[in-house]
Protein chains: 2
Amino acid sequence: MSDHIQGEAHPGVEAAPAQTRGFRLNHCMLRVKDPEVSLRFYSRVFGMSVLRRLDFEEMKFSLYFLGDLEGREVPAEATERTVWTFQQRGLLELTHNWGTENEEGRIYHDGNAEPQGFGHICFNVPDLEAAVEWFDANDVEFIKRPDQGKMKNVVFVKDPDGYWIEVVQSDLIGEIGS
Amino acid sequence: MSDHIQGEAHPGVEAAPAQTRGFRLNHCMLRVKDPEVSLRFYSRVFGMSVLRRLDFEEMKFSLYFLGDLEGREVPAEATERTVWTFQQRGLLELTHNWGTENEEGRIYHDGNAEPQGFGHICFNVPDLEAAVEWFDANDVEFIKRPDQGKMKNVVFVKDPDGYWIEVVQSDLIGEIGS
């Protein structure tokens, strides 16, 4: 642990207590209307893989845990794979309540229109210009292109349910904010 | 990349195209009413550190990027640190629109009440029973304790804004779902 982390004066921050050792942010969950559409989008456009799928017959829903495969060795055996999945950092969990794919139009709330709450997920990419071309080639809906708005080189697109996805190239935004 | 990942038949899934190489899910953003309250909660109760804070004077908001420090060497220099932050996997970004801390009651929508969308964030912990004791010692609000409901050993608590946080111990839920 670096001193300068604890040394910074952010309101309310405490040094991580021993009781929290090993706590790890595993995922962020979004409901999706149609898993076929969402999985095509997140696998093709954003390169994510389904690390684990879990079905719940009685409650009629399925969960898809998505992440990139960089540096990851995914266990083949089912139980081991579930345990491994929950040990990862920063996955995206998509929840499909069976039957919603038959409804008309977008059915989920993006959190940016009122009532507000959740804002977006964000991907870092190695080449923002190439990523924008890739999104255009795949007819991705843009909210904001790199040269629009006050935040240059920060892109926002929509996923199939209308959730916002921020896209940045980290070395282009080193001077952002203060 | 393991063959069994691509070999599984999930609807819509494509093998990650070359154009997506290096794409990485960096964060999930939630708006918070009072950063002092939220940072106390996420640092003390969940052991997260502020890896980077960015202030935007003109637009009157601040961003706090939170993550655990395990295996992470945080750069001290500001620009380098911002770039590094956006290269991480799976952070939690908290957005504070200045002044909201003076409003009454909870002001943000959790995505689980109607209209639904975002569901929750999830932490994996090494010892669920100890974590529950820790949450009780910190007066954390429970939605579901380990022995309640259909999903045993899956806990849900609320953060200060009312967002749902799932808490699991991965090796206790290896048999969940099918």
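Residues numbered from 1 in each chain as written. Chains lettered and ligands numbered in written order. Predicted model: local features only at pLDDT ≥ 70, side-chain atom pairs only at ≥ 80, totals over all residues. Heavy atoms only, no water.

## Notes on the overall build of chain A
Threshold: In this description a helix means any DSSP run of H or I spanning at least four residues, a strand means any run of E spanning at least two, and both kinds are numbered starting from the N terminus. Residue burial is assigned from relative accessible area. The probe radius is 1.4 Å, only protein chains are included, and a residue is buried under 20% of its type maximum, exposed over 50%, and partly exposed in between. Residue contacts are defined here by distance: any two heavy atoms, one from each residue, within 4.5 Å place the two residues in contact. Under the convention used here, a 1.4 Å probe and the Shrake-Rupley method define accessible areas, while residue burial counts only the protein chains that appear.
A tally of helices and strands in chain A yields four helices and eight strands. Each helix (α) and strand (β) of chain A, taken in turn from the N terminus, gives the series α-β-α-β-β-α-β-β-α-β-β-β. Counting all 178 residues of chain A, 58% fall into the buried class. Summarising the internal contacts of chain A: among those between residues at least 6 apart in sequence, 61% fall at separations of at least 24. Entry remark: accessible area of chain A is about 7,500 Å², with carbon and sulfur atoms responsible for 47%.

## Comments concerning the domain arrangement of chain A
All names here are of chain A. As a reminder, the rule being used: Where a domain begins and ends is set by an automatic assignment or by a domain database. Contacts described as polar in this section are N or O atom pairs within 3.5 Å, which, within protein, must combine one atom able to donate a hydrogen with one able to accept it, while residues neighboring in sequence count only if both atoms come from side chains.
Here chain A is described as being made up of domain 1 (24-102) and domain 2 (110-178). Counting residues at the interface gives 14 residues for domain 1 and 15 residues for domain 2. Where domain 1 touches domain 2, the interface holds six residue pairs in polar contact (both at pLDDT 80 or more). Elements with a contribution of two residues or more to the side of domain 1 that touches domain 2: β1 (24-31) and α2 (35-45).

## Here's the deal with the sheet that holds strand β6 (residues 142-144) of chain A
Threshold: A pair of strands counts as paired when DSSP detects no fewer than two bridges linking them. Orientation is described by lines fitted to C-alpha atoms, with helices fitted over the stretch in contact, and by angles between N-to-C directions that extend from 0 to 180 degrees.
Judged by pairing direction, the sheet is mixed, and its eight strands sit side by side in the order β6(A)-β7(A)-β8(A)-β5(A)-β1(B)-β4(B)-β3(B)-β2(B) without closing on themselves. Since the sheet does not close on itself, it has two edges, and those belong to β6 of chain A together with β2 (49-56) of chain B, each with one partner. Going across the sheet, the axis of each strand differs from the next one's by a mean of 25 degrees, ignoring polarity. Of the strand pairs in this sheet, β2(B) and strand β3 (residues 61-67) of chain B are connected by seven bridges, and their pairing is antiparallel. Bridged to B:Asp55 within β3(B) is B:Ser62.

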